[in-house]
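This is what each chain is made of:
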Amino acid sequence: MTVFPQPLQTVVFFISPSGSMSSPSLSRLTMRTRPILRTITLTLASAFTINSYAALPFEPKTTHPYLYASADDVATLRAKVGPLTMPPVGKIEIKVKPAVQSVLDLNGLPMKIDPDSSILMGSFPDDINHFFIRNVTPQGATQAKFHVRFREMSEPEARPYPDLVLPLDRPSTITVTWDTAAKTIIVAAEGNNPITLNNANWQPRADHLHFVGNKNQHVVSLKMSDKAGNVLWDGTELDWDLAAAYYGFTRFSAPQTVATVTACKVPMPTNKSDPCNVAEAGRGWILSPAKRLALAYNLTKEDRYWEAAKYYANHIMLNTNLGAGGEWSMSARVAALGVLYDAFYDKFSADDKKKIQDTIIQTIKTDIAAADLISMICGSGSLSGTTLACAGTPDISRFYISGHHASAMTGAAIGLLAIANERSEVDPMLDTIYDHLVNGLLPAREYISGDGGHQTMFAYNSTVGEVAERLVLWRRALNTNGAPILQTSFMSKVINPYIDGLRAGGGFPATGDNFGLSVAEEGVGYMASVAASEGNGHATTFYEDQVKRYRSRISPNALWEALYFPEPKEPRADVNDRKLSARYQIAGNVFMRDTWDYENATLLDFKSSTFSSENHQHLDQNSFSLFYRKPLLLDSGAYDEYNTPHWYNYYRRTIAHNSIVLYKPTETYKHNNSATEYSNDGGQWYKGEMYPTLDEIKPGAKNALQGIARYEDHDSYAYVSANAAQAYQAGKLDPIDGFRRRIVYLRWPGKKPVVVVHDRVHALTPQPAVSLLHTVAKPETAAAVSVGYDNADGRYTLQGNTNLPIVVRNHPSNLTIEPLLPRRPHIKFVGGAPNGATTCEDQVVDKAEIPDLTDCRFTVRSMVNGTLQWTNFAPRKSWTTGKSDFGAWRIEISQVPEGQTSDHYQFFMNVLRVGDEGGPVAATSTLLTSPDLSANAVTIDAATSVVFATDFSTTNKLRWKPVNTLENVVVTGLVPSAIYQRVYDSTAKEWILTKVATAGSNTLTSSSEGVIYTSFAIP
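Because the structure is a prediction, the values reported are computed rather than measured. (Residues numbered from 1 in each chain as written. Predicted model: local features only at pLDDT ≥ 70, side-chain atom pairs only at ≥ 80, totals over all residues. Heavy atoms only, no water.)

Asks: Hey, could you go over the domain arrangement of the protein for me, with residue numbers and the actual values?
Replies: The assigned domain composition of the protein is domain 1 (85-238), domain 2 (450-577), domain 3 (609-915) and domain 4 (928-1014). A separation of 31 Å is found between the C-alpha centroids of domain 3 and domain 4. Between domain 3 and domain 4, the contact holds 25 residues from the first and 20 residues from the second. Summed over both sides, the interface between domain 3 and domain 4 buries roughly 1,900 Å², with carbon and sulfur atoms accounting for 65% of that surface. (Domains from an automatic or database assignment. Contact = heavy atoms within 4.5 Å. Buried area = accessible area lost by both parts, 1.4 Å probe.)

Asks: Explain the nonpolar core to me, using residue names and the numbers behind them.
Replies: Judged by nonpolar contacts, the single largest core of 181 residues is most densely connected at Trp474, Ile495, Tyr498 and Phe542. Excluding residues that lie within four positions of it along the chain, Ile495 makes contacts with Val524, Met527, Ala528, Ala531, Asn536, Ala539 and Phe542. Ranked by size, the runner-up nonpolar core spans 46 residues in total, among them Val720, Tyr728, Ile817 and Ile827. (Core = buried A, V, L, I, M, F, W, Y, C linked by side-chain atoms within 4.5 Å. Buried < 20%, exposed > 50% of the residue type's maximum accessible area, 1.4 Å probe, protein only.)

Asks: Could you give an account of the pairing of strand β7 (residues 130-135), naming the residues involved and the relevant values?
Replies: With 6 of its 6 residues buried, β7 lies for the most part within the structure. Judged from the 6 bridges that link them, β7 and strand β8 (residues 143-151) form a sheet pairing that is antiparallel. By the bridge assignment for β8, Phe132 is matched with Arg149. (Helix = DSSP H or I, 4+ residues; strand = E, 2+ residues; numbered from the N terminus. Pairing = 2+ DSSP bridges.)

Asks: Mind laying out the packing of aromatic side chains, listing which residues take part and the relevant values?
Replies: Following the criterion strictly, the structure yields 39 aromatic pairs and no others. Relative to Trp685, the ring of Tyr678 lies with its centre 6.4 Å away and its plane at 40°, an arrangement referred to as tilted. The pair formed by Tyr678 and Trp685 is uniform in burial state, with each residue classed as buried. Taken together, Tyr642, Trp647, Tyr648, Tyr669, Tyr678, Trp685 and Tyr686 form an aromatic cluster joined through their ring pairs. The side chain of Lys698 reaches across the aromatic face of Tyr447, ending 5.5 Å from its centre. (Phe/Tyr/Trp six-rings, centres within 6.5 Å; stacked < 30°, edge-to-face > 60°. Lys NZ or Arg CZ within 6 Å of the ring centre and 35° of its normal.)

Asks: Give a description of the sheet that holds strand β19 (residues 623-628) that names residues and reports values.
Replies: In a beta sheet, neighbouring strands pair by backbone hydrogen bonds and run either parallel or antiparallel. The strand order across the open sheet built from 5 strands is β16-β17-β18-β19-β20, with neighbouring strands paired in antiparallel fashion. Taken across any chain shown, the strands that pair with only one partner, and hence form the sheet edges, are β16 (581-584) and β20 (630-633). Across the sheet, the mean angle separating the axes of adjacent strands is 15° when strand polarity is ignored. Two strands pair when backbone bridges link them, and strand β17 (residues 589-592) and strand β18 (residues 602-607) are joined in this way by 4 bridges, in the antiparallel orientation. Among the inter-strand pairings, Met592 is bridged to a residue of β18, identified as Leu604. (Axes fitted to C-alpha atoms, helices over the stretch in contact; angles between N-to-C directions.)

Asks: I'd love a proper account of helix α6 (residues 350-365), names of residues and values included.
Replies: In this model α6 runs 23 Å from its N-terminal to its C-terminal C-alpha over 16 residues, within 8% of the 22 Å that 1.5 Å per residue would give. Where α6 is concerned, the buried positions are Asp352, Lys353, Ile356, Gln357, Thr359, Ile360, Ile361, Thr363 and Ile364. Of the surrounding elements, those touching the buried residues of α6 are α4 (303-318), α5 (326-343), α7 (373-378) and α8 (405-419). (Expected span 1.5 Å × (residues − 1).)

Asks: I'd like a description of helix α12 (residues 522-533), backed by residues and values.
Replies: With 12 residues, α12 ought to run about 16 Å at 1.5 Å a step, and its terminal C-alpha atoms sit 17 Å apart, in line with that. Across the 12 residues of α12, 10 count as buried, placing the element largely inside the fold. Those residues of α12 not exposed but buried are Gly523, Val524, Gly525, Tyr526, Met527, Ala528, Ser529, Val530, Ala531 and Ala532. Downstream of α12 by one or two residues, Gly535 has phi in the positive range, about 95°.

So, in structure tokens, the structure goes:
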């Protein structure tokens, strides 16, 4: 819950004839003093409560810069990476135990050496004479070796000097002394002859002095002193990783930004990922260069950053129609101008400031046919006259959960906050944006992510790292006098699913609209940093061991993290203290693993949300994926772009996920009242509103889904049960228990885990359910099973005994699938990559793409010439390569052949066994008999069985026939916290569990989640 510690103040509201609330001079209350306005009770003829409008609680600061960071914030950051000044005559002493330069990558192969990341001290500036000392010790060396180099800019390359040779097994001291007047630099180290560098015009400049070093080096002491021996700077506690990030930023990132923006010309490039295309690019491409120039200038005060900033501001203002690119680009331009205005406030002329102010205001006011900033903020799409105030009540409540509104409003806020002290007419719009944040965006995120989950987990723009950065913006831009504002509880938790869901190689499951998220990316680092600063010790460990592991040591990300989140971090917490499974209830995320050794863990992620919405959230309820070293079962397709044929008809649809579809020829899939009809995959569809309000996603509301019903984590297993019946269109499945999926993830020491997936489908009409499993490569079958090609559409039918194992391979791992239910399943393999042997005649591609008739990877039924035909909806070719989670094949398992009717109740059970590369694992599971069909039970091996109750109303009795005389049994689907009597019927040779009222001999009590796990021994 968002906390507002400021005291309430009395405000008089007037009720207008239209019923809307107004307040005299709401934007500037009591001589520019803004109170927090929370719940106000108005007593009129009858009493009623109105949730008040939240104006800015404090004024924007008056001393620039203040967006994201003040001058003091930047100075504090700069002091952490090295000395601020250097004397004309001085000495640096560093006592260090060296480390070898070469390391192994994650596959055990030598990693390419980055010479810049091995600098012990020195620099590589482009425009002045410089020296550096660099560690070049190869792996396997017995002694450390350091290059010593000096370069005059008139020379083509650095001048070599004798190497320093030092022991690896103990610390040694390296000393650098200089005398500017004498033009001498002397490098000395114990056991080495002093080295005199012949320098001409070298100047001791602290802004070009860098300390990078090797990751595993140990620095005993580091200090700089003057001619008299006075210590001017003690760097013994220097954060070398942060210093490396500072080097990467000032050496590469910032100068490259200068080169990029100063090369911008007209006509602009058409690439929307080019910072020079300020007419159409988004915030990541337009705003980011401005932020880099601002930080670089405030860190170094180098004029090249000011010159580039001035050039870029003019490029934005002089060459762009105000409404170009719609809200996406408009907000980015406003934000970039705001950042530049704030950072270079003392450099811009009065005329330039006026131009920037006017451009910001006029851009926000610009009304265009497409989505603009007015509609993003006001909802109604109009302003009150010529003011910066919304006409009527600004209602965007349908976009607090998802959509571009939060980004658009943030961009507008950056620009408005920058100029607020000079242009008071911006106050109403700032108040409106802040109100949306306080009363809409944060409460929605608090509800969904209160435990850390997210409805589009790992998808594009779902890291919540941007939210952390936005909160920093507001907290630092406003003159709070130290009072906390915009406090949340979710920010300390949103990193937890990333800890739980990390896979070997530093990636995550490809859920939602996904570009392929890496743990090294900016948003993940932000989440880990803020969580670590708010008491999450596991976030500290995750940041140190995983985030930093997968990115270059000279990545600038660590610099931004230290700037935004400088607070002390919680001490490390051992990841092994975390449970091996986690549930995030509202968003519906569940993660199960067998070890915290990320490189060798088997990770299952499951999704069953409690609500439906459209933006970036897929129709994937009750779906899962499985990963062991590589993706084995995965979400299929690619996020080629929003609103493409592939996105509409395949990628976001149920058929692209490991879930259930029930094809009904008469079913249609349309958006609200739209005439456009999309493919008929037989899957889920949007319930209620496409963009629901917060109230509409809560239990019992129009967009509510059942989600996760039961969840339990035990040392030996993890268990989840969820119902996705209401995710399908009405009239298809029983709304109470239409699609119940239960997963038991079995763990045992020294062996790979085994996963059992059980589905119970209750269809209202005899439609055959199809269970889907998506793979990277074509599945293989046992030798006794033949595969027949269906002559078209990339569809193959398995012949003969179809309960035999199916093997999925993805180097260096494989997966054995034992399809136990239905008892005589009808199985198809569907797919085929381009240039394969199959053909798919019906193809739909985007724009100018050329159809490939051999591409059968993304087939779904769609209307072709008045009939539903299997049609391949291929993504744009630029998105079809280089992605590990892509999918080229799917397995379809059904009770009956295609086109036939089925039972109303249909059951599926698959046993999944991961393994290392090699032959298929033998089928060791045995489906057990239940005389009264009260249970679906399976023996996994000689010591373990799993039992699923088939009735979810009240499980009063279960019966099954075991094959093991002594084993551990997991029984699921029982009444929670109920007493069951266990009896072995020696005549029928079956176990019987009967619900009883009181405990006695041979009774067991189910857990709060309806599970019994114990040893069963036949007497």
